[in-house]
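# Overview (structure and organization)
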There are 2 protein chains.
Amino acid sequence: MTDVLKVAPLEADAFRPYGEVIAAGNARETLSINEGHARRYHDLAPLDMMEGGGRPVLSLFLSRPKSWPLELALMERHPLGSQVFLPRSERPYLVVVAPPGPFRREALRAFLARGVGVSYRRGTWHHYSLALGEESAFWVIDREGPGENCDEIVLDPPMRVDFGNLLP
Amino acid sequence: MTDVLKVAPLEADAFRPYGEVIAAGNARETLSINEGHARRYHDLAPLDMMEGGGRPVLSLFLSRPKSWPLELALMERHPLGSQVFLPRSERPYLVVVAPPGPFRREALRAFLARGVGVSYRRGTWHHYSLALGEESAFWVIDREGPGENCDEIVLDPPMRVDFGNLLP
């Protein structure tokens, strides 16, 4: 059994099974707008939040780092919609996911994000976003509406995280 | 005729006729989540983007400052949906609005935003968001869908802006 999860840099291709990396560089369409004073990087992630009478809701999360060394004990998934995290700062944060479907501990993956957002696809298992070092703020877009939209699973034993040389 | 527009600090009460100031301090509901490691400031602005078959779209804007001193020549409104700007940084930006309905030059108002987002209500006249000093990035949520969702009006003569002592 894998008891230590190695962290990789967050890249769009590697993250595709789980959702989208939200960044200008991943836009399929770029437009010059505002009399040439702005570039619009258009439609960076689907907002899949209308299932079963749902609606998208905008919130702000202020996240405190967990104690160090990191141990992960809880994963969740949202069966009725995607969930988008847009960082307020350039501070790094940790994204931990496993594919939709029955949870498999050995399928856990960890990615270090910095200056980009992420969208967890509907049903993707994920840890709550993990601020590193300092309290960090995220704009969050997710689904509100009828139905039970959060499944949780406990990691027993907890999973340790190995950042290698990715953090200073 | 008012030819110089005085800038006021952006405050939720003063902005209420035009939309929402998006900030933790304006949340009607705050929740402790993520095993106590985060605060969720919930539902900070309505995402009014589903009218007439519309859907919310997430984009990134990179905005370059206009030349100085500022002269404003173009206002716009979106008759089919609200539009949300969430700054990536703490840099100040200028928000210029007039109430929904027939455009009235004398009803223009200017607000200096810093570290908070804004939502322009459906139909609110607004200038495109004005980065100040440096290029600034904004996460933007707005409506995509059938129908014509942008009216423009030219300010002739252009409107000058007086920041008073609000900028260093």
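Now for a look at the structure at hand. (Residues numbered from 1 in each chain as written. Chains lettered and ligands numbered in written order. Predicted model: local features only at pLDDT ≥ 70, side-chain atom pairs only at ≥ 80, totals over all residues. Heavy atoms only, no water.)

All names here are of chain B. In this structure, glycine 53 sits in the loop between β4 (38-42) and β5 (55-63). Sequence separation between glycine 53 and glutamate 144 is 91 residues; the distance between their C-alpha atoms is 8.7 Å. Residues in contact with glycine 53, not counting those within four places in the same chain, are Arg143, Glu144, Gly145 and Pro146. (Helix = DSSP H or I, 4+ residues; strand = E, 2+ residues; numbered from the N terminus. Contact = heavy atoms within 4.5 Å.)

Before going further, it helps to examine the relation of the copies chain A and chain B. Superposition record for chain A on chain B: RMSD 0.0 Å, screw rotation 180°, translation along axis 0.0 Å. With respect to symmetry, the two chain copies, as superposed, fit the operation of a two-fold axis. Closest to the rotation axis within chain A is the C-alpha of Arg88(A), separated from it by 2.5 Å. A high fraction, 100%, of the interface residues of chain A reappear at the interface in chain B, so the copies pair face to face through one surface. (Least-squares fit on C-alpha atoms with pLDDT ≥ 70 in both.)

The subject of this paragraph is the interface of chain A and chain B. With 43 residues of chain A at the interface, the matching set in chain B holds 43 residues. Buried surface at the junction of chain A and chain B, both sides included, amounts to about 4000 Å², of which 53% is carbon and sulfur. The three residues of chain A that bury the most area against chain B are His37(A), Leu58(A) and Arg88(A), which together make up 18% of that side's buried surface. Remark: the boundary between chain A and chain B carries 8 salt bridges. In this structure, Glu90(B) engages Arg88(A) in a salt bridge whose closest nitrogen and oxygen atoms are separated by 2.9 Å. Here chain A is connected to chain B by 35 residue pairs in polar contact (both at pLDDT 80 or more). Put simply, the parts of the chain that give the side of chain A that touches chain B at least two residues each are β4 (38-42), β5 (55-63), β7 (83-87) and β13 (136-144) of chain A. (Buried area = accessible area lost by both parts, 1.4 Å probe. Salt bridge = Lys/Arg side-chain N within 4 Å of Asp/Glu carboxyl O. Polar contact = N/O pair within 3.5 Å; in protein donor to acceptor, adjacent residues only side chain to side chain.)

A word on the packing of aromatic side chains. Following the criterion strictly, the structure yields 20 aromatic pairs over all chains and no others. Judged by centre distance (5.6 Å) and plane angle (75°), the ring pair of Phe103(B) and Trp125(B) falls under edge-to-face. Residue Phe103(B) is located in the loop between β8 (92-98) and β9 (109-114), and its partner Trp125(B) is located in strand β11 (residues 125-126); the two are separated by 22 residues in the primary sequence. On the accessibility criterion, Phe103(B) (19% relative accessible area) is buried. Grouping aromatic residues by their ring pairs yields a cluster made of Phe15(A), Tyr18(A), Phe61(A), Phe85(A), Tyr93(A), Phe111(A), Tyr120(A) and Phe138(A). (Phe/Tyr/Trp six-rings, centres within 6.5 Å; stacked < 30°, edge-to-face > 60°. Buried < 20%, exposed > 50% of the residue type's maximum accessible area, 1.4 Å probe, protein only.)

Another aspect to go through is the nonpolar core. Of all hydrophobic cores here, the largest spans 28 residues; its most connected members are Leu86(A), Ile141(A), Leu86(B) and Ile141(B). Of all the secondary-structure elements, those providing two or more residues to this core are β5, β7 and β13 of chain A together with β5, β7 (83-87) and β13 (136-144) of chain B. Apart from the residues lying within four places of it in its own chain, the contact partners of Ile141(A) are Leu47(A), Met49(A), Pro56(A), Val57(A), Leu58(A), Ser82(A), Gln83(A), Val84(A), Leu86(A), Leu47(B), Leu58(B) and Ile141(B). (Core = buried A, V, L, I, M, F, W, Y, C linked by side-chain atoms within 4.5 Å.)

Worth remembering: the numbers are spatial, not functional.
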